[in-house]
Amino acid sequence: MAHWRSLRWKIALLVAVACCSIAFIVGVLVHGSTYDRSMNDGAAKAYTALDGALATGRGSADGADSVDVAHVVYNPGEMPAELVRKAREDGQADLYDESRRYRPRMWAAQRLDDGSLAAVSLDMTPDQLSRRALDRNMWKYSLATLAVIVPLSAIAAELPNRRLRRVARTARRIASGDLTARTGAGRRTGDEIAEISAGVDTMADSLQDRLLNEQRFTADVAHELRTPLMGLVTSAGLLPEGEATELVRDRVRVLRTLVEDLLEISRLDADAEQADIRPVPLGEVVAESVARTGLVARVTVSGKPVAATDPRRLDRIVANLVTNAHRHGVEQGQGQERATVEVTVGDGVVVVRDHGPGFPGSLLADGPRRFRTGVAERGRGHGLGLTIALGQAQVIGATLTFANAADDGGAVATLRLPG
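Only a predicted model underlies this, so the values are computations on that prediction, with no experimental measurement involved.

Cut-offs applied
- Residues numbered from 1 in each chain as written.
- Predicted model: local features only at pLDDT ≥ 70, side-chain atom pairs only at ≥ 80, totals over all residues.
- Heavy atoms only, no water.
- Pairing = 2+ DSSP bridges.
- Helix = DSSP H or I, 4+ residues; strand = E, 2+ residues; numbered from the N terminus.
- Axes fitted to C-alpha atoms, helices over the stretch in contact; angles between N-to-C directions.
- Patch = residues over 30% accessible without salt bridge, like charges linked within 9 Å, V, L, I, M, F, W, Y side chains within 5 Å.
- Areas by Shrake-Rupley, 256 points an atom, 1.4 Å probe, with all protein chains shown as cover.
- Salt bridge = Lys/Arg side-chain N within 4 Å of Asp/Glu carboxyl O.
- Lys, Arg positive; Asp, Glu negative; His and termini not counted.
- Charge placed at Lys NZ, Arg CZ, Asp CG, Glu CD.
- pLDDT = per-residue confidence, 0-100.
- Contact = heavy atoms within 4.5 Å.
- Core = buried A, V, L, I, M, F, W, Y, C linked by side-chain atoms within 4.5 Å.
- Buried < 20%, exposed > 50% of the residue type's maximum accessible area, 1.4 Å probe, protein only.
- Parallel < 35°, antiparallel > 145°, perpendicular 65-115°, else oblique.
- Left-handed = near helix turned anticlockwise from the far one by under 90°.
- Expected span 1.5 Å × (residues − 1).
- Bend = angle between axes of the 7 residues up to and from the residue.

Draft legend 1. Region of the structure containing the sheet that holds strand β12 (residues 411-416). Spatially, β5-β9-β10-β12-β11 is the arrangement adopted by the five strands of the open sheet, whose pairing is mixed. This sheet does not close on itself; its edge strands, each paired only once, are β5 (298-301) and β11 (399-404). Mean inter-strand twist for the sheet, computed between neighbouring axes without regard to direction, equals 15°. Here β5 runs beside strand β9 (residues 342-345); their pairing, made up of four bridges, is parallel. Paired with Val301 across the two strands is Val345, which belongs to β9.

Pasting the structure below:
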């Protein structure tokens, strides 16, 4: 059921208002036309009856053209005052008298040669009943037509609304990162919705092409850097020991890590990664991954959890999360760490938490982005660690979410393994 504020119901309401307006205007026009015709016919009959009565003598006019006419009235006191005034001024006059609600009469009066007045009246009750019956029928059939037209208009409006909802769903999928989503409208034109659909598809094609070009460029750069980097690593290893040599080797290691991360991201973008799923002791695998990072972290394991996953990719995810937490969430002071990184392992769940300033709002809203670290207080970096962790989690079918702790605002990354 569509929301009551949707375009579907707005169209139905517009149709209902238009139908009601048309019915009201037509009803007023028909009622006025019928009333005028009734008055004209009644006045003509009254004048005919009066002429017939006067032609046959001052008395009854029962034989005048078989018209049902009351007796001729000569006493002005028995006539409506307005009729008397008009007849004396104009010589003759007619008047529709509704002083008796259910017995209206049509009067016709004429001034005689001696200055006196003669008048007759006709019973207009049948005409009144006919007009009221016509009004009732018009309202009744207008409501019946409205009861049919409004649902039909709501049904007819569903087709364009359905097309608009498909365009909206496609746009949301594109915004969430699915650049393969299309409206399915093709390149046809003819109405505004088709043009909107074609525009959304064109936008998605353009975004997909740009993203593919970016991914291809990243992969090409990483591959091109790999060969000279290996020579640089070998050359750094041949340098004599010293402070300058250690500095060069450290920068070479950083550059090598960056190139390896770029290559890994290019493989994830190309969907070239395949998971090797098998049962593993989750607590032991996570503890070994943390130990291999060489960073200080407190690991807490609840029970003896076992998970079906790819241990190599799980190791990569945990190492990246711990490294990111240690880099951005641990402050160094006077030779010791002022805060710790906590790793909690449960049944199919791994939680990595730090006590730093927390994740920036843009990361919580849109997820991690490569080459973007968010805010300055989170430290420096290329934004690749969390991006790789999220990509590897998708490969093994896990869910990786990011949040900030409610108590001190520290960053919390939660990995939920399938099954």
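Draft legend 2. Representation of a positive patch on the surface. A cluster of basic residues, Arg101, Arg132, Arg136 and Lys140, forms a positive patch on the protein surface. Following the sequence through the fold, Arg132 ends up in helix α3 (residues 125-175).

Draft legend 3. Main features of the confidence of the model for the chain. For the chain, mean pLDDT is 81; residues scoring 70 or higher make up 88% of the total. Low confidence marks residues 332-337, where pLDDT is under 50. Its contacts with residues over four positions away, or in another chain, come to eight contacts.

Draft legend 4. How the structure looks around the sheet that holds strand β2 (residues 105-111). Read from one edge of the open sheet, three strands run β1-β2-β3, paired in antiparallel fashion. Edge positions in the sheet fall to β1 (92-97) and β3 (117-123), since each of these pairs with one other strand and no more. Geometrically, the sheet is characterised by an average inter-axis angle of 15° between neighbouring strands, direction not taken into account. Strand direction decides the pairing type here: β2 and β3, joined by seven bridges, are antiparallel. Within the sheet, the bridge partner assigned to Arg111 lies in β3 and is Leu117. In the packing of helix α2 (residues 81-90) onto the sheet, contacts are made with β1, β2 and β3, and the angle to β1 comes to roughly 165°.

Draft legend 5. Up close: the nonpolar core. Leu321 and Leu415 are the most contacted members of the largest nonpolar core, which has 30 residues in total. Mapped onto this core, the elements with two or more residues apiece are α6 (282-293), α7 (311-329), β9, β10 (349-353), α9 (384-395), β11 and β12. For this core, the leading source of residues is α7, giving six residues. Residues contacting Leu415, with those up to four places away along its chain left out, are Leu314, Ile317, Gly348, Val349, Val350, Ala393, Ala398, Thr399 and Leu400. Core analysis: the second largest hydrophobic core is formed by 16 residues, Tyr47, Ala53, Tyr96 and Val120 among them.

Draft legend 6. Summary view of a nonpolar patch on the surface. The grouping of Phe24, Ile25, Val28, Leu29 and Trp139 at the surface amounts to a nonpolar patch, some 560 Å² of accessible area in total. Along the polypeptide, Ile25 turns up in helix α1 (residues 7-55).

Draft legend 7. Summary view of the side chain of Thr125. Inspection of the secondary structure assignment puts Thr125 in helix α3. The contacts of Thr125, once residues within four sequence positions are left out, are Tyr102, Arg103 and Pro104.

Draft legend 8. Quick peek at the packing of α3 against helix α4 (residues 192-238). Interhelical geometry of α3 versus α4 gives an angle of 15° and a closest axis separation of 10 Å. When the interaxial angle is binned, α3 and α4 end up roughly parallel. Between α3 and α4 lies a crossing of left-handed hand. Contacts between α3 and α4 involve Pro160, Arg163, Leu164, Val167, Thr170 and Ile174 on the former and, on the latter, Ile193, Ala194, Ile196, Ser197, Val200, Met203, Ala204 and Leu207.

Draft legend 9. Up close: α3. In a regular helix each residue adds 1.5 Å, so 51 residues correspond to 75 Å; α3 covers 72 Å between its end C-alpha atoms and thus fits that length. The largest bend along α3 reaches roughly 30° and is located at Leu159, with the proline Pro160 sitting one to four residues downstream. Gly177 sits one or two residues past α3 and shows a positive phi near 115°.

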